[in-house]
Amino acid sequence: MKFVSINPDITLAYEEYGSGDRYVLSAQVGFAPHGMQQMLAQMGYHVYCITLRGFAPSTLLREDYGENWYDIFADDVAAFADKMGIGQFDYMGASHGAGVGWHLTLRHPDRVQAFIAVVAGPHSLDAGTLSYRQMVLQGLIASPPPMDPPIDNDDARVRRRQARSEWLSAKPEPDPLEKAVDYRRPLLRLGSEENLKAALRTIQTPTLLIGGVDDPISTPELLIRTAKCLPHCKLVLYANCGHNVDTDLIEETCGEADRFIRTAHENGKWYAAVMEP
């Protein structure tokens, strides 16, 4: 684990994988030890996994940023890139990490060349404000809905999911300050579903949406709504997959991500170049 101070009050923890100048940044509460980020590094990308402020071992917080959490998270990613001497980069995030990506593409559109948005929603603003994480911590619900369907006829995938569950079970109890954080949902300041859709229509960054048809949080319906709004978007949905598709089907999703990033860099589009007949 490495650390960088982006201002006198905030230090961000990060892991670095790979090398070179093909940068992929990702910012989340935490990262599985074997996920898309690590495999992208094996595929030739220089990957930085940034732990969000408010979550150990980054700086813990006492203040509540209200509707501004994701704006601050996005600005932290841009500040991190500045500290690393990175101008433009690709951004990859899953779930709340993809939420950071929506704010990045709106607040720092000149920095993000391609956005790999996994189980990305974003949530409808007509459906509440609390994150599922905070609803569980506050006892409002006993547990989130089942995140993933049973795996059909793939023993290797079963073993991978079991290893991830064992890793999660072994994690230490978080600090009370960390448990108190409620970053809510992305784009809350927009106020309504119609305003959210209008904002999505302004995003020019080529965006790859990846999801699972059995995801109860970032549902296929939400992703289709988002794809209809984004002017430069590719949507990939996997059957027999749920909210953890990024750690279930690492090879598959990274193959899609690699192809998409290369295409975006080559022609600025979300599809391969059309060859004249």
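Report follows, based on the coordinates.

## Focus on the packing of aromatic side chains
- For the coordinates displayed, the defined rule picks out 12 aromatic pairs.
- Their ring planes at 80° and their centres at 5.9 Å tell us that Tyr70 and Tyr183 sit as a pair that is edge-to-face. In this pair, Tyr70 is assigned in helix α2 (residues 69-84) and Tyr183 in the loop between α6 (176-180) and α7 (193-200), connecting sequence segments 113 residues apart. Tyr183 shares its class with Tyr70; the two are buried.
- Considering the side-chain rings of Phe73 and Tyr183, the 6.4 Å spacing of their centres and the 70° angle between planes classify their relative orientation as edge-to-face. Taken together, the positions of Phe73 in helix α2 and Tyr183 in the loop between α6 and α7 put the pair 110 residues apart, joining distant regions of the chain.
- According to the relative accessible area criterion, Phe73 is buried, its value standing at 1%.
- Counting every residue linked through ring pairs, the aromatic cluster contains Phe55, Tyr65, Trp69, Tyr70, Phe73 and Tyr183.
- Of note, Arg22 hangs over the ring of Tyr45, and the distance from its end group to the ring centre comes to 4.0 Å.

## A short note on the pairing of strand β2 (residues 10-17)
- Strand direction decides the pairing type here: strand β1 (residues 2-7) and β2, joined by five bridges, are antiparallel. What sits directly across from Asn7, in β2, is Ile10.
- Two successive antiparallel strands, β1 and β2, enclose a turn made up of two residues.
- Relative to strand β4 (residues 46-51), β2 runs antiparallel, the two sharing four bridges. Pairing of Tyr17 across the sheet is with Val47, part of β4.

## A look at unusual backbone geometry
- In this structure, the amide linkage connecting Ala56 to the following residue, Pro57, adopts the cis form with an omega of 5°.
- Tracing the sequence through the fold places Pro57 in the loop between β4 and α2.
- A cis amide bond links Gly121 to the next residue, Pro122, at an omega of -10°.
- Locating Pro122 in the fold gives a position in the loop between β6 (112-118) and α4 (132-137).
- Although it is not a glycine, Val119 sits at a positive phi angle of roughly 40°.
- Note that Val119 resides in the loop between β6 and α4.
- Within the chain, Asn153 stands out as a residue other than glycine whose phi angle is a positive 60°.

## Regarding the pattern of salt bridges
- One pass over the structure, following the stated rule, counts 16 salt bridges.
- Here Asp248 makes a salt bridge to Arg161, at a shortest N to O gap of 2.6 Å. Highlighted residues: Asp248 in helix α9 (residues 245-248) and Arg161 in helix α5 (residues 155-170), separated in sequence by 87 residues. Here the two residues Asp248 and Arg161 agree in accessibility, since each one is buried.
- Across the pair Arg262 and Asp258 runs a salt bridge, and its minimum N-O distance is 3.0 Å. Note that Arg262 and Asp258 are positioned in helix α10 (residues 250-267) at a spacing of four residues, about one turn of the helix.
- With a relative accessible area of 40%, Arg262 lands in the partly exposed category.
- Residue classification places Asp258 among the buried residues on the basis of a relative accessible area of 13%.

## Focus: α2
- Its 16 residues give α2 an end-to-end C-alpha distance of 23 Å, which sits within 8% of 22 Å, the value for a rise of 1.5 Å per residue.
- Among all positions in α2, only Trp69, Tyr70, Asp71, Phe73, Ala74, Asp76, Val77, Ala78, Phe80 and Ala81 are buried.
- Here the buried face of α2 lies against β1, β2, β3 (23-28), β4, β5 (89-94) and α3 (96-107).
- Of the residues trailing α2, Gly85 is marked for its positive phi of about 75°.

## Structural notes on α10
- The end-to-end C-alpha separation of α10 is 26 Å, in line with the 26 Å expected for 18 residues at 1.5 Å each.
- Residues Ile250, Thr253, Cys254, Glu256, Ala257, Asp258, Phe260, Ile261, Thr263 and Ala264 constitute the buried set of α10.
- Of the residues one or two after α10, Gly268 is the one with positive phi, at around 70°.

Definitions and limits used
- Residues numbered from 1 in each chain as written.
- Predicted model: local features only at pLDDT ≥ 70, side-chain atom pairs only at ≥ 80, totals over all residues.
- Heavy atoms only, no water.
- Phe/Tyr/Trp six-rings, centres within 6.5 Å; stacked < 30°, edge-to-face > 60°.
- Helix = DSSP H or I, 4+ residues; strand = E, 2+ residues; numbered from the N terminus.
- Buried < 20%, exposed > 50% of the residue type's maximum accessible area, 1.4 Å probe, protein only.
- Lys NZ or Arg CZ within 6 Å of the ring centre and 35° of its normal.
- Pairing = 2+ DSSP bridges.
- Salt bridge = Lys/Arg side-chain N within 4 Å of Asp/Glu carboxyl O.
- Expected span 1.5 Å × (residues − 1).
- Contact = heavy atoms within 4.5 Å.

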